[in-house]
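# Residue-level structural notes
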Amino acid sequence: DVKVTQSSRYLVKRTGEKVFLECVQDMDHENMFWYRQDPGLGLRLIYFSYDVKMKEKGDIPEGYSVSREKKERFSLILESASTNQTSMYLCASSLQGNQPQHFGDGTRLSIL
Amino acid sequence: LAKTTQPISMDSYEGQEVNITCSHNNIATNDYITWYQQFPSQGPRFIIQGYKTKVTNEVASLFIPADRKSSTLSLPRVSLSDTAVYYCLVGAPYGNNRLAFGKGNQVVVIP
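Conventions we followed
Residues numbered from 1 in each chain as written. Chains lettered and ligands numbered in written order. Predicted model: local features only at pLDDT ≥ 70, side-chain atom pairs only at ≥ 80, totals over all residues. Heavy atoms only, no water. 1 Å grid on protein atoms, 1.4 Å probe; cavity = no way out; pocket = protein on both sides within 12 Å on 5 of 7 lines; lining within 4 Å. Points joined across faces, edges and corners; volume = space filled by probe spheres on them. Helix = DSSP H or I, 4+ residues; strand = E, 2+ residues; numbered from the N terminus. Nonpolar A, V, L, I, M, F, W, Y, C, P; charged D, E, K, R; others polar. Phe/Tyr/Trp six-rings, centres within 6.5 Å; stacked < 30°, edge-to-face > 60°. Buried < 20%, exposed > 50% of the residue type's maximum accessible area, 1.4 Å probe, protein only. Contact = heavy atoms within 4.5 Å. Buried area = accessible area lost by both parts, 1.4 Å probe. Salt bridge = Lys/Arg side-chain N within 4 Å of Asp/Glu carboxyl O. Polar contact = N/O pair within 3.5 Å; in protein donor to acceptor, adjacent residues only side chain to side chain.

### Focus on the layout of surface pockets
A volume near 600 Å³ is recorded for the largest pocket. Together, 25 residues line the largest pocket, and Val2, His102 and Phe103 of chain A together with Pro44 and Arg45 of chain B are the ones closest to its centre. Within the residue set of the lining of the largest pocket, elements represented by two or more residues are β1 (4-6) and β10 (102-103) of chain A together with β3 (33-38) and β4 (45-50) of chain B. Classifying every residue of the lining of the largest pocket by side-chain character gives eight nonpolar, eleven polar and six charged. Size it by volume and the second largest pocket reaches roughly 450 Å³. In terms of lining, the second largest pocket is formed by 23 residues, of which the most central are Gln37 and Pro39 of chain A together with Gln38, Val85 and Tyr87 of chain B. Where the lining of the second largest pocket is concerned, the elements lending two or more residues are β4 (31-38) and β9 (87-94) of chain A together with β8 (84-90) and β9 (105-110) of chain B. For the lining of the second largest pocket, the class distribution of residues is nine nonpolar, eleven polar and three charged.

### Some points on the packing of aromatic side chains
A complete count under the given rule lists seven aromatic pairs over all chains for this structure. Taken together, a centroid distance of 5.6 Å and an interplanar angle of 40 degrees make the contact between Tyr35 of chain A and Phe103 of chain A tilted. One end of the pair, Tyr35 of chain A, is in strand β4; the other, Phe103 of chain A, is in strand β10, and 68 residues separate them in sequence. Judged by its relative accessible area of 12%, Phe103 of chain A is buried. Within the aromatic cluster, the residues linked to one another by ring pairs are Phe33, Tyr35, Phe48 and Phe103 of chain A together with Tyr36 and Phe46 of chain B.

### Structural notes on empty space enclosed by the protein
Vacant regions in the atomic arrangement are exposed by a probe of water-molecule size rolled over the atoms. Tallying each qualifying case throughout the model produces two cavities of 30 Å³ or more. If you add up the space inside the largest cavity, you get close to 110 Å³. As for the largest cavity, its lining consists of 16 residues, and the residues nearest its centre are Asn98 and Gln99 of chain A together with Thr34, Gly91 and Leu99 of chain B. Those elements that provide at least two residues to the lining of the largest cavity are β3 and β8 of chain B. In this structure, the second largest cavity occupies an estimated 30 Å³ of space.

### Digging into the interface of chain A and chain B
With 26 residues of chain A in contact, the opposing surface of chain B contributes 22 residues. Overall, the association of chain A and chain B removes approximately 1800 Å² of surface from exposure, summing both partners, and the carbon and sulfur fraction of that is 53%. Counting the surface chain A buries against chain B, the share from its top three residues, Leu43, Asn98 and Pro100 of chain A, is 28%. The interface formed by chain A and chain B includes zero salt bridges. Inspection of the chain A/chain B interface yields four residue pairs in polar contact (both at pLDDT 80 or more). Those elements that provide at least two residues to the side of chain A that touches chain B are β4, β5 (42-51) and β9 of chain A. In terms of residue count, β5 of chain A provides more of the side of chain A that touches chain B than any other element does, five residues in total.

The structure is reproduced here in structure tokens:
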């Protein structure tokens, strides 16, 4: 079974802090994704990566950056956290191409 | 983005078959149709994927007409634990035809 592990289930940070959300997958998947989910808005793609050190912007990349130094790990970085980044963050991975995505359980991030 | 349209919500009684429809008028030749299920406070979970006609697995069936502009997810004999949001997606993982989750269809199973 594919396992996608997010480092924290709940996280509370302060405005202006630099925040790191970590995601690790154990199935040698090529693609990795970061989404945020807000009530009434569904899942929105922030960034994705299709290979080590390769990344592309999704629909809402502003205020975020990502890092993929190793194939199994994809990090989401909030350079200077703001209250409007309070959300549920979901990481996913997929083998390649049109293969289904496998999701972690999410990190509920609160920015105070 | 590859766009899909689903009903916002629907109710069903326990034990009934539930059919959830999705429209994807602009589906591209190479696109697959993928359905996910999401429970509160969890990430979405893959249910089924298909390209044309009918696909069946242990939890659901997926019906796709010849023109592929819509699809129907069928859940046989639902139970209370099938209460969830269901998402239909088409498109590629990235690029101009990138798939988008949208808001999904909230299915509530009533005792």
